[in-house]
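Results of the structural survey
Given next are the chains, with one letter for each unit.
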Amino acid sequence: MFEQNKIRLEFPILGSSVNGNQLVYLDNAATTQKPLQVIHKISEYYENNNANVHRGVHFLSTKATNLYEDARRKLQQYINAKSSDEIVFCRGTTEAINLVANSFLRTRLNSGDEIIISAMEHHSNIVPWQIVANSVGATIKVIPINKQGELVIEDLPKLLCKKTKLVAVSHISNALGTINPIKKIIDICHAKNVPVLVDGAQATPHQLVNVTDLDCDFYAFSGHKMYGPTGIGVLFAKKEHLESMPPYQGGGEMIKMVSFTETEYNDIPYKFEAGTPNIAGAIGLGTAVEFLDDLGLEQIELYEKQLLEYLTAKISMLAGINIIGTAKQKTGILSFTLDNIHAHDVATILDDDGIAIRAGHHCAMPIMSYFNVAATSRISLSFYNTEEDVDKCISALQKVRKIFA
Ligand code: 7TS
């Protein structure tokens, strides 16, 4: 198993103190901390390799281009895509989904058509579809969930019809921690020739993802949630889709020839990477996935599962706790309410002890409505968290109850 002490040393920020206490960072679903390898790789890039990519013949530009394209291959391998041409670098999950909505979907969507999402989506996997749907008079349909926070996928075949142009669903819910049966969903949709986009923001940091095996059409994820930098993420899309899609943005990099009357677009994936990309970010993300591979995704998944079980057992013993999201298949995310204390008060009191959790609607307001709560407190785990972190959090929650008693 992990040598926790050694791993934690890779993350200098975990040694910092907050309000006189050692930081206990339990907000990993919002963003993860960065290991030294990633931090060093980024500063090394700026110290020794900085130049613009794909446009210079000089030494540094070639070096930067090679590093950037090496990073693309690392990401390809990480999710087992068939070709590195299927890896489009973008700002993150949000931009990846907007790209598909505005390029792939917009050109195929007509009035009366339908898009299917699920009841547990992050706003990033709701709003982009709504914008496109509203612009042409299409509608959004929703796969319902049950009280455990699991998708009722028996309803999916009933929702699919000739008008369905796309199904977009999260691999793992950020608000509930539910791991969705994504492979099954894809198979059901493909049997009716409906393409599927998977929002993988909460999956790629925690488990092996194999897009070839899943056979998904699109898979979106963010670097910053998987120990990489902010401002960089990936859209995986099947080659045939990327080739058929119009560009999302115009500018440099995405062209072969431009005149005042017409433009010949570049090959994929460059057709979708207009402007100077986040070069350092992509290189840093390449290092992050190497770091995750070295630790081993299977080991990470196992460890985080055990830590979630420990946390769930401990928190369940506290009076006044109501866990929101009790699916059978869960990742290390635990949302809860405590008595009728507002989630922001819970998080603020925990912060006094240096414990970072998130409070709010987690950009998943429809989920909050479904469970009839305005907000939840959310603990989200990483492999660098320990049972000691959990124990500190539980003691702080006891303190919260005493303060409000
Ligand atoms: N999809 C899911 C499932 C997410 O959890 C998030 C971010 C996004 C999309 C958007 O990712 P971005 O990197 O483009 O912003 N989720 C959270 C969260 O749970 N707390 O803060 C951000």
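Residues numbered from 1 in each chain as written. Predicted model: local features only at pLDDT ≥ 70, side-chain atom pairs only at ≥ 80, totals over all residues. Heavy atoms only, no water.

Attention shifts here to the side chain of Thr331. The residue Thr331 is located in the loop between β13 (321-324) and β14 (333-338) in this model. Contact partners of Thr331, with chain neighbours within four places excluded, come to Ile172, Gly177, Ile179, His206 and Leu308. (Helix = DSSP H or I, 4+ residues; strand = E, 2+ residues; numbered from the N terminus. Contact = heavy atoms within 4.5 Å.)

Here the focus is the sheet that holds β13. Here we have four strands laid out as an open sheet, ordered β13-β14-β17-β16, and antiparallel in their pairing. With partners counted over all chains shown, the strands left at the sheet margins are β13 and β16 (358-360), one partner each. The sheet shows a mean angle of 30° between the axes of neighbouring strands, taken without regard to direction. Where β14 lies against strand β17 (residues 376-380), four bridges are found, and the strand directions are antiparallel. Pairing of Ser335 across the sheet is with Arg378, part of β17. Contacting β14, β16 and β17, helix α12 (residues 343-352) runs over the sheet at an angle of about 160° to β16. (Pairing = 2+ DSSP bridges. Axes fitted to C-alpha atoms, helices over the stretch in contact; angles between N-to-C directions.)

For helix α14 (residues 387-404), spanning 18 residues, the distance from its first C-alpha to its last is 26 Å, which sits close to the expected 26 Å at 1.5 Å a residue. Listed in full, the buried residues belonging to α14 are Asp389, Val390, Cys393, Ile394, Ala396, Leu397 and Val400. Buried residues along α14 cover an arc of 165° about the axis, so they all sit on one side. Exposed residues lying more than 90 degrees from the buried face of α14 are Glu388 and Lys402. (Expected span 1.5 Å × (residues − 1). Buried < 20%, exposed > 50% of the residue type's maximum accessible area, 1.4 Å probe, protein only. Arc of directions from axis to C-beta.)

So, on to the packing of helix α11 (residues 297-316) against α14. Relative orientation of the contacting elements α11 and α14 amounts to 20°, with a least axis distance of 10 Å. The pairing of α11 with α14 is recorded here as roughly parallel in orientation. Every pair of crossing elements has a handedness; the one defined by α11 and α14 is right-handed. On α14, the residues that touch Leu307, Tyr310, Leu311, Lys314 and Ile315 of α11 are Glu387, Val390, Asp391, Ile394 and Leu397. Among the residues forming the contact of α11 with α14, the class breakdown is seven nonpolar, no polar and three charged. (Parallel < 35°, antiparallel > 145°, perpendicular 65-115°, else oblique. Left-handed = near helix turned anticlockwise from the far one by under 90°. Nonpolar A, V, L, I, M, F, W, Y, C, P; charged D, E, K, R; others polar.)

Take the domain arrangement of the chain next. Domain parsing of the chain yields domain 1 (4-30 + 296-404) and domain 2 (39-294). Averaged C-alpha coordinates put domain 1 and domain 2 at centres separated by 28 Å. Taken together, the contact between domain 1 and domain 2 spans 36 residues of the former and 35 residues of the latter. When the two sides are added together, the surface that domain 1 and domain 2 hide from each other amounts to roughly 2,900 Å², 58% of it contributed by carbon and sulfur. Broken down residue by residue, the surface that domain 1 buries against domain 2 is led by Leu297, Ile367 and Tyr370, which jointly contribute 21%. Put simply, domain 1 and domain 2 have one salt bridge between them. Between Glu150 and Lys328 there is a salt bridge, and its shortest N-O distance comes to 3.7 Å. At the boundary of domain 1 with domain 2, the tally comes to 22 residue pairs in polar contact (both at pLDDT 80 or more). Only α11, β14 and α13 (365-370) provide two or more residues apiece to the side of domain 1 that touches domain 2. A class-by-class count of the residues in the side of domain 1 that touches domain 2 yields 20 nonpolar, nine polar and seven charged. (Domains from an automatic or database assignment. Buried area = accessible area lost by both parts, 1.4 Å probe. Salt bridge = Lys/Arg side-chain N within 4 Å of Asp/Glu carboxyl O. Polar contact = N/O pair within 3.5 Å; in protein donor to acceptor, adjacent residues only side chain to side chain.)

Moving on to the sheet that holds strand β7 (residues 164-170). Taken together, the seven strands give an open sheet; going across it, the order is β4-β10-β9-β8-β7-β5-β6, and neighbouring strands pair in mixed fashion. This sheet does not close on itself; its edge strands, each paired only once, are β4 (87-90) and β6 (139-143). Taken over all neighbouring pairs, the strand axes of this sheet differ in orientation by 20° on average, direction set aside. Here strand β9 (residues 218-222) pairs with strand β10 (residues 233-237) via five bridges, running antiparallel. Looking at β10, one finds that Ser222 is bridged to Gly233. This element, helix α7 (residues 182-191), spans β7 and β8 (196-199) of the sheet and lies at about 165° to β8.

This part is about the confidence of the model for the chain. Detailed reading of predicted coordinates is not advised where the pLDDT is low. In this model, the chain carries a mean pLDDT of 97, and residues with pLDDT of at least 70 account for 100%. Per-element averaging of pLDDT across the chain places helix α1 (residues 4-9) at the bottom with 90 and β9 at the top with 99. (pLDDT = per-residue confidence, 0-100.)

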